[in-house]
Amino acid sequence: QKEVEQNSGPLSVPEGAIASLNCTYSDRGSQSFFWYRQYSGKSPELIMFIYSNGDKEDGRFTAQLNKASQYVSLLIRDSQPSDSATYLCAVQEYGNKLVFGAGTILRVKS
Amino acid sequence: GAVVSQHPSWVICKSGTSVKIECRSLDFQATTMFWYRQFPKQSLMLMATSNEGSKATYEQGVEKDKFLINHASLTLSTLTVTSAHPEDSSFYICSARITGIQPQHFGDGTRLSIL
């Protein structure tokens, strides 16, 4: 059974702080790693994807991947109240379906 | 880029009605499309995977005769919920992917309410 684990939260951070979201996965064959944001009542929205070990930055977001430790993280700098949402970590083998974590609720307090 | 359009966004209908939901990739050709269902405060549940021109692959426990999926072109997939009942009420979301390694892009979802 391929699994993706996330802390359900809620993770509460003050406005302007760095939010750190973490995810571990069980399948060593996984090749693609994604972070989606889902607001309540809405569909998921792609935030970041990463394929190689290391860091990938896009604006206020940084995805980090460590395949040896089977660990993926998402850092959100200068957190804003509008970042408050559920963040879904998803992992995929080539050509296969996504395996989602249960999601981490992030709350950014102004 | 990578826009997925889903229609309708909201459906309310009587028990026993069949409902068709469309999913279109607007600015790319999707080799694979996926259909998910999400109940309140729960995670996404994959229902089926469809490739253009092929029969859909259903997840365990999903009735293929109840949830009919057609993927007639590289830009269009449809999900038909046949003879819908109140327990089928849920948030149905499609996604589309260009190739095997690339991200899935999600439509806005269809909220289905069966009375």
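Structure first, text after, so check above.
Cut-offs used in this document
- Residues numbered from 1 in each chain as written.
- Chains lettered and ligands numbered in written order.
- Predicted model: local features only at pLDDT ≥ 70, side-chain atom pairs only at ≥ 80, totals over all residues.
- Heavy atoms only, no water.
- Core = buried A, V, L, I, M, F, W, Y, C linked by side-chain atoms within 4.5 Å.
- Buried < 20%, exposed > 50% of the residue type's maximum accessible area, 1.4 Å probe, protein only.
- Contact = heavy atoms within 4.5 Å.
- Phe/Tyr/Trp six-rings, centres within 6.5 Å; stacked < 30°, edge-to-face > 60°.
- Helix = DSSP H or I, 4+ residues; strand = E, 2+ residues; numbered from the N terminus.
- Lys NZ or Arg CZ within 6 Å of the ring centre and 35° of its normal.

Notes on the nonpolar core
Formed by 25 residues in total, the largest nonpolar core has its most connected members in B:W35, B:Y58, B:F67, B:I69, B:L79, B:Y92 and B:L112. Not counting residues up to four positions away in its chain, the partners in contact with B:F67 are B:R37, B:M47, B:Y58, B:V62, B:L79, B:T80, B:V81, B:D88 and B:Y92. Among the nonpolar cores identified, the runner-up in size contains 23 residues, and A:I50, A:I76, A:C89 and A:L106 belong to it.

A short note on the packing of aromatic side chains
Counting across every chain of the model gives 10 aromatic pairs over all chains. Taking 4.9 Å as the distance between ring centres and 50° as the angle between the ring planes, the aromatic pair formed by A:Y25 and A:F33 counts as tilted. Judged by relative accessible area, which is 6%, A:Y25 ranks as buried. Aromatic side chains B:F67 and B:Y92 sit 6.4 Å apart centroid to centroid with 40° between the ring planes, which places their arrangement in the tilted category. Placement of the pair is B:F67 in strand β7 (residues 67-73) and B:Y92 in strand β9 (residues 90-97), with a sequence separation of 25 residues. Three or more aromatic residues link up through ring pairs in this structure, and these residues are A:F34, A:Y36, A:F49, A:Y51, A:F100, B:Y36 and B:F106. Positioned above the aromatic ring of A:F49 is the side chain of A:K56, whose terminal nitrogen or guanidinium carbon lies 3.7 Å from the ring centre.

Read these as layout, nothing more, since geometry by itself doesn't imply function.
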